[in-house]
Amino acid sequence: MDFKLDKAHLLQQELFRSFAEKEIKPLAKDMDESEEYNMELLQKMQKYGFFGIPYAKEYGGAGSDVLAYTLCMEEVSKVDGSTGITISVHTSLCCACINEFGTEDQKQRFLRPLVDGSKIGCYGLTEPGAGSDVQGAQTVAVKDGDDWLITGSKIFTTNSGFADTNVVFAITDRSVPAAKGLTAFIVDLKDENGNRPEGITVSENIERMGIRAASNCIVSYDNVRVTPDRVLGKVGGGFKIAMTALNGGRIGIAAQSVGIAQGALDEAIKYAKERKQFGKPITAFQNTQFLVAELQTKIDAARLMTWRAAKAKDNHEDYASYAAMAKLFASSTAVEVTRAAVQIMGGYGYCREYPVERMYRDAKITEIYEGTSEVMKMVISGGMKLK
């Protein structure tokens, strides 16, 4: 058992870290303040292959693996949680659905431009009345000849303000539970001219506590016509697709949590070495030393749990429980560490001049999206076969 990264992964990690420090970090504060993602930065990340890391070269991806993707997620999230979730939803949710369940034609038509840097994807599952409980979904797709007409609304759809492609889930059979009546569709959010297709409306950004630079909107569908070649997987097979994508997505969110936590602790330590009280740097006090030691230990534990889940997915093992454990622990750690970082820095930690207050706000969502902490405990206990 080897807990060290190999040379290839170490090189990738350094490349991600360098890009994050040089390109993302200088923009993070302004993007958060304006609550708008920088499109030039987005295009740079597309150009450098940040959106196709774990996907095969034959489809335009980087040909790397899930572990490399987690390294990317951690490094970018160290400096900006909004960038982390922008990459995560595109990679772990939208692309993963098409990669794992799409036909060869769908992979060539829809996956290739998503992973080669041409287009951005999003994922439409959550509704105003259906979050953790997918059974409450109200968005429907009804047959019209060979086509389908989708009607309903999806909320908290990350990337939807600028995304090109959406994997959206709709009820196609109300006579059975959602687990058997949900279907996945590949829907364009822009036409070839960059305009919204008929029947699709995307709201302004939802105002939020954290990850404020990420695009997060309500997407409404009014009899949106979808041709049969855009049905992903089998009709009625959408629940499995959605849950499989979320299982993988939790690895990315765990990595995001690790990055936010590590970034906050690094900032707090940097400040504490310079800040003097009672004639000494704050780091000279045992209280500070013991606190940062405990926090770093938890971050390292969360990182190793995340890598375990990533390697299990790369090895085609059953990784659902590992992913849930990693997300549960890493997200809790992120909230704890960012709160402590603000406390270490005192009044300055509470000021927007320093990034730890933003990291504190960003950390909380990791306990909520792509499965709340309570749902993670359901997944973990379910895997333990207690009944």
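See the structure printed just above.
Residues numbered from 1 in each chain as written. Predicted model: local features only at pLDDT ≥ 70, side-chain atom pairs only at ≥ 80, totals over all residues. Heavy atoms only, no water.

### A word on the overall build of the chain
Thought 1: Helix and strand content of the chain: eleven helices and ten strands.
Thought 2: Radius of gyration (C-alpha) of the chain: 21 Å, near the 21 Å computed for a compact globule of 387 residues.
Thought 3: Principal-axis analysis of the C-alpha atoms places the extent of the chain at approximately 80 × 50 × 40 Å.
Thought 4: Split into buried and exposed, the 387 residues of the chain put 53% on the buried side.
Thought 5: If you take every contact in the chain between residues at least 6 apart in sequence, the share linking residues at least 24 apart comes to 72%.
Thought 6: Separation between the mean location of the 46 positive side-chain charges and that of the 50 negative ones in the chain comes to 5 Å. (Helix = DSSP H or I, 4+ residues; strand = E, 2+ residues; numbered from the N terminus. Rg over C-alpha atoms; globule rule 2.2 N^0.38 Å. Buried < 20%, exposed > 50% of the residue type's maximum accessible area, 1.4 Å probe, protein only. Contact = heavy atoms within 4.5 Å. Lys, Arg positive; Asp, Glu negative; His and termini not counted. Charge placed at Lys NZ, Arg CZ, Asp CG, Glu CD.)

### Some remarks on the side chain of Lys107
Thought 1: Of note, Lys107 is situated in helix α5 (residues 104–115).
Thought 2: Buried charge without a salt bridge: Lys107, with Glu104 as the nearest opposite-charge side chain at an N-O distance of 5.1 Å. (Salt bridge = Lys/Arg side-chain N within 4 Å of Asp/Glu carboxyl O.)

### A word on the pattern of salt bridges
Thought 1: All chains considered together, the criterion is met by 26 salt bridges.
Thought 2: In this structure, Glu14 and Arg17 form a salt bridge, with 3.9 Å as the shortest nitrogen-oxygen distance. A residue pair is termed a helical-turn pair when its members lie 3 or 4 positions apart in one helix, as Glu14 and Arg17 do in helix α1 (residues 7–34) at three residues.
Thought 3: The exposure class assigned to Glu14 is partly exposed, which follows from its relative accessible area of 43%.
Thought 4: A relative accessible area of 30% means that Arg17 is categorised as partly exposed.
Thought 5: Across the salt bridge formed by Asp164 and Lys190, the nearest N and O atoms sit 3.9 Å from each other. Here Lys190 lies in the loop between β5 (182–188) and β6 (200–202) and Asp164 lies in the loop between β3 (147–158) and β4 (165–171), a separation of 26 residues in the sequence.
Thought 6: What makes Lys190 partly exposed here is its relative accessible area of 26%.
Thought 7: Salt bridges sharing partners connect three or more residues here, namely Asp32, Glu35, Arg212, Glu357 and Arg361.

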